Amino acid sequence: MPELSLVAEMDDKIVGHILFSKIQIVGESIYDSLALAPMAVIPEYQMKGLGSKLVARGLYRAKELGFNSVIVLGHKDYYPKFGFQRASKCGIKCPFKVPDEVFMAIELTENALDGESGIVQYSDEFNEVE
Ligand SMILES: CC(C)(COP(=O)(O)OP(=O)(O)OC[C@H]1O[C@@H](n2cnc3c(N)ncnc32)[C@H](O)[C@@H]1OP(=O)(O)O)[C@@H](O)C(=O)NCCC(=O)NCCS
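Quick word on the pattern of salt bridges
Thought 1: Counted by the stated rule, this structure contains two salt bridges.
Thought 2: The partner of Asp-77 in a salt bridge is Lys-76, and the shortest N-O contact between them spans 3.1 Å.
Thought 3: Where Arg-86 meets Asp-100, a salt bridge forms, and the shortest distance between an N and an O atom there is 2.9 Å. Taken together, the residues span a long stretch of sequence, with Arg-86 in strand E5 (residues 85–86) and Asp-100 in the loop between strand E6 (92–93) and strand E7 (103–107) at a distance of 14 residues.

Here's what the structure looks like:
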């Protein structure tokens, strides 16, 4: 989503980016959610807090736009500090074969994922990522 494509600028250049795209959680019902991906900070600018700011700002804006949850497939030790937990705890499954601990979800509003079990359906572009 263009509204959820954010950049980090330093020294008059873009040094980091985060994107969130719309997904659906398909179970007995279908729920709208967001996927956080991709995200990157160029190596010379890593470990300065930029990645954390991008995540925090992105989650804040996602909530402002009315989204209740975000899913991420990523580093298992990085995302929990923002409040992400294993998505499997909420019965949310990944369509790709990945270790359980790398597929995570966060509620942007209290209990947003209660009862929203199902399998995540990403847009087709994600199926082409290897
Ligand atoms: C992941 C990434 C975006 C973090 O950006 P950053 O600006 O360095 O992040 P921050 O400075 O906000 O945070 C650094 C913290 O994250 C931790 N961290 C960075 N990469 C990590 C990883 N792969 N796994 C676990 N922790 C990681 C650092 O150890 C540091 O921890 P500390 O705050 O406890 O010291 C950056 O390392 C990157 O672009 N990596 C390559 C692309 C990538 O992996 N993207 C994410 C795909 S899920």
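With respect to the packing of aromatic side chains
Centre-to-centre distance and the angle between the planes together describe a pair of aromatic rings.
Thought 1: The final tally for this structure, using the stated rule, is six aromatic pairs.
Thought 2: Measuring from centroid to centroid gives 5.2 Å for Tyr-78 and Tyr-79, while their planes differ by 85°, and the two rings are edge-to-face.
Thought 3: Within the aromatic cluster, the residues linked to one another by ring pairs are Tyr-78, Tyr-79, Phe-82 and Phe-84.

Side note on the site of the ligand
Thought 1: Residues in close proximity to the ligand total 16 residues, the closest being Met-39, Met-47, Gly-49, Ser-52 and His-75.
Thought 2: Contact between the ligand and Met-39: a nitrogen atom at 2.8 Å from a main-chain N or O atom of the residue.
Thought 3: The side chain of His-75 places a nitrogen or oxygen atom 2.7 Å from an oxygen atom of the ligand.
Thought 4: Every element with two or more residues in the shell around the ligand is listed here: strand E3 (30–41) and helix H1 (50–64).

Topic: the side chain of Glu-116
Thought 1: With respect to the helices, strands and loops of the structure, Glu-116 is situated in the loop between E7 and strand E8 (118–121).
Thought 2: Although Glu-116 is buried, it makes no salt bridge; Lys-63 carries the closest opposite charge, 15 Å away.
Thought 3: If we skip the residues at most four places from it in the chain, Glu-116 touches Ile-25, Tyr-31, Cys-90 and Ile-92.

Considerations on the pairing of E3
Thought 1: Bridge analysis of strand E2 (residues 13–26) against E3 gives ten bridges, and the strand direction is antiparallel. Counted as the bridge partner of Gly-16 is Val-41 from E3.
Thought 2: Where E2 folds back onto E3 in an antiparallel hairpin, the turn is made up of three residues.
Thought 3: Two strands pair when backbone bridges link them, and E3 and strand E4 (residues 69–73) are joined in this way by three bridges, in the parallel orientation. Among the inter-strand pairings, Leu-36 is bridged to a residue of E4, identified as Val-72.
Thought 4: Handedness of the β-α-β unit built from E3, H1 and E4 comes out right-handed.

Parameters and conventions
Residues numbered from 1 in each chain as written. Predicted model: local features only at pLDDT ≥ 70, side-chain atom pairs only at ≥ 80, totals over all residues. Heavy atoms only, no water. Salt bridge = Lys/Arg side-chain N within 4 Å of Asp/Glu carboxyl O. Helix = DSSP H or I, 4+ residues; strand = E, 2+ residues; numbered from the N terminus. Phe/Tyr/Trp six-rings, centres within 6.5 Å; stacked < 30°, edge-to-face > 60°. Near = heavy atom within 4 Å. Polar contact = N/O pair within 3.5 Å; in protein donor to acceptor, adjacent residues only side chain to side chain. Buried < 20%, exposed > 50% of the residue type's maximum accessible area, 1.4 Å probe, protein only. Lys, Arg positive; Asp, Glu negative; His and termini not counted. Contact = heavy atoms within 4.5 Å. Pairing = 2+ DSSP bridges. Right-handed = clockwise from strand over helix to strand, strands pointing away.

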